[in-house]
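# Chains, contacts and geometry: an overview
Here are the chains, one letter per residue:
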Amino acid sequence: MASLASCIFCKIIKGEIPSMKLLETESVFAFMDIGPIAKGHCLVIPKHHAAKLTDLPDDQMADILPTIKKLAAATGAENYNILQNNGRPAHQVVDHVHFHIIPKPADAGDKEGLVIGWPTQKDLSKDDINKIFEEMKSKL
Ligand code: AMP
Ligand code: ZN
């Protein structure tokens, strides 16, 4: 897992690695994704280094939503996905919290933007779901 010193997104924030910077606030940085899967695909990151969303202090999130709203509008996209991966099995490659803004043109199908293949959950019975529900509630 990348540390603060070797983290490429921390380096982008500090200007040590070039980026196509879209905007910046006191706590947030936004830039174009270098490997876009759609026109306008960009990233919003908190400046505070944390690998997973759940590692991020609550007060570092305040500017994320307003920034996403501005950038989503700037893409001109009516439809879009916000993607936020946590951990290798969940497709996280860069270990610094980031929110993808991925426009989805209405006629894109699987040619542009996020393509999701939801796995079926038919092996989870109503009883199974209820058990999980009770277990989760007991931990809150
Ligand atoms: P994830 O799989 O959620 O960790 O996504 C990481 C994203 O970071 C990918 O979409 C990459 O294209 C993007 N990325 C990696 N390095 C850079 C970089 N130097 N500048 C901009 N985007 C980057
Ligand atoms: Zn970082």
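For the structure, see preceding data.
These notes cover the structure that comes with them. These figures come from a predicted structure and were not determined experimentally.

Despite not being glycine, H91 shows a phi value in the positive range, around 75 degrees. Mapped onto the elements of the fold, H91 is located in the loop between β4 (80–83) and β5 (99–103). Accessibility expressed as a relative area gives 63% for H91, which makes it exposed.

Lining the immediate environment of ligand 1, one finds 16 residues, of which D33, H91, V93, H98 and H100 sit closest. Measuring from an oxygen atom of ligand 1, one finds a side-chain N or O atom of D33 at 2.5 Å. Taking V94, its main chain carries an N or O atom lying 3.0 Å from an oxygen atom of ligand 1. Contact with the protein chains hides 81% of the accessible area of ligand 1, taken as 510 Å² for the molecule alone. For the shell around ligand 1, the secondary-structure elements that each account for two or more residues are α1 (8–14) and β2 (28–32). Broken down by element, the shell around ligand 1 gets its largest block of residues, three residues, from α1. Here the shell around ligand 1 is composed, by residue class, of nine nonpolar, six polar and one charged.

It is worth spelling out the coordination of the zinc ion (ligand 2) at this point. Looking at the zinc ion (ligand 2), one finds its protein donor set to be C7 (SG), C10 (SG), H49 (ND1) and H96 (ND1), positioned 2.0 to 2.3 Å from the metal centre. Coordination at the zinc ion (ligand 2) is tetrahedral: its four donor atoms span angles of 105 to 117 degrees at the metal. Summarised as a motif, the one-chain spacing of the donors to the zinc ion (ligand 2) is C-x2-C-x38-H-x46-H. The exposure class of C10 is buried, given its relative accessible area of 4%.

To continue, consider the nonpolar core. Residues A30, V44, I64, I68, L71, F99 and I101 are the most contacted members of the largest nonpolar core, which totals 13 residues. Looking at this core, the elements that each hand over two or more residues are β2, β3 (42–46), α2 (64–75) and β5. Here this core gets three residues from one element, more than from any other, and that element is α2. The contact partners of I101, leaving out residues within four places of it in the chain, are G40, H41, C42, V44, I68, L71, A72, N81 and I82. C10, I13, F29 and V94 belong to the second-largest nonpolar core, a separate cluster that totals 10 residues.

The terminal C-alpha atoms of α2, which comprises 12 residues, lie 16 Å apart, in line with the 16 Å expected from a rise of 1.5 Å per residue. Residues of α2 that are buried include every one of I64, T67, I68, L71 and A72, and no others. Each buried residue of α2 lies within a common arc of 130 degrees when the element is viewed along its axis, so the set occupies one face. The exposed residues of α2 that point more than 90 degrees off its buried face are L65, K69, K70, A73 and A74.

Scoring rules and cut-offs
- Here the residue numbering is sequential within each chain, running from 1 through the sequence in written order.
- Labels follow written order: the first chain is A, the first ligand is 1, and so on.
- The predicted nature of this model means local features are confined to residues of pLDDT at least 70 and side-chain atom pairs, given and counted, to a pLDDT of 80 or more, with totals for whole chains, interfaces and linings taken over all residues.
- Processing note: side-chain calculations cover all non-hydrogen atoms of the structure and skip hydrogens and water entirely.
- Working definition: helices are DSSP H or I runs of at least four residues, strands are E runs of at least two. Numbering for both runs from the N terminus.
- The buried label applies to any residue whose accessible area, calculated with a 1.4 Å probe on protein chains only, is under 20% of its type's maximum; exposed applies above 50%, and partly exposed to all values in between.
- What makes a residue near a molecule or strand is one non-hydrogen atom of that residue sitting within 4 Å of it.
- Whenever a nitrogen or oxygen atom comes within 3.5 Å of another N or O atom, the pair is scored as a polar contact, on the condition that within protein one atom can donate a hydrogen and the other can accept it, and that pairs from neighbouring residues in sequence are kept only if both atoms are in side chains.
- Per-residue and other accessible areas were derived by the Shrake-Rupley procedure at a 1.4 Å probe size, with only the shown protein chains allowed to occlude residues.
- Charged means Asp, Glu, Lys or Arg here, nonpolar means Ala, Val, Leu, Ile, Met, Phe, Trp, Tyr, Cys or Pro, and polar covers whatever is left, Gly included.
- For Na, K and Ca the donor cut-off is 3.2 Å, while for other metals it is 2.8 Å, and in both cases only N, O and S atoms qualify; water is not among them, so sites may look incomplete.
- Here a site with four donors is tetrahedral if all angles are between 85 and 135 degrees, and a site with four or six donors is square planar or octahedral if opposite donors are over 155 degrees apart and the other angles are between 65 and 115; anything else gets the irregular label.
- The set of buried Ala, Val, Leu, Ile, Met, Phe, Trp, Tyr and Cys residues whose side-chain atoms join them within 4.5 Å is what this entry labels a nonpolar core.
- In what follows, residue pairs with any heavy atoms lying within 4.5 Å of each other are defined as contacts.
- Multiplying one less than the number of residues by 1.5 Å gives the expected span of a helix.
- An arc is given here, and it is the one of the directions from the helix axis to the C-beta atoms.

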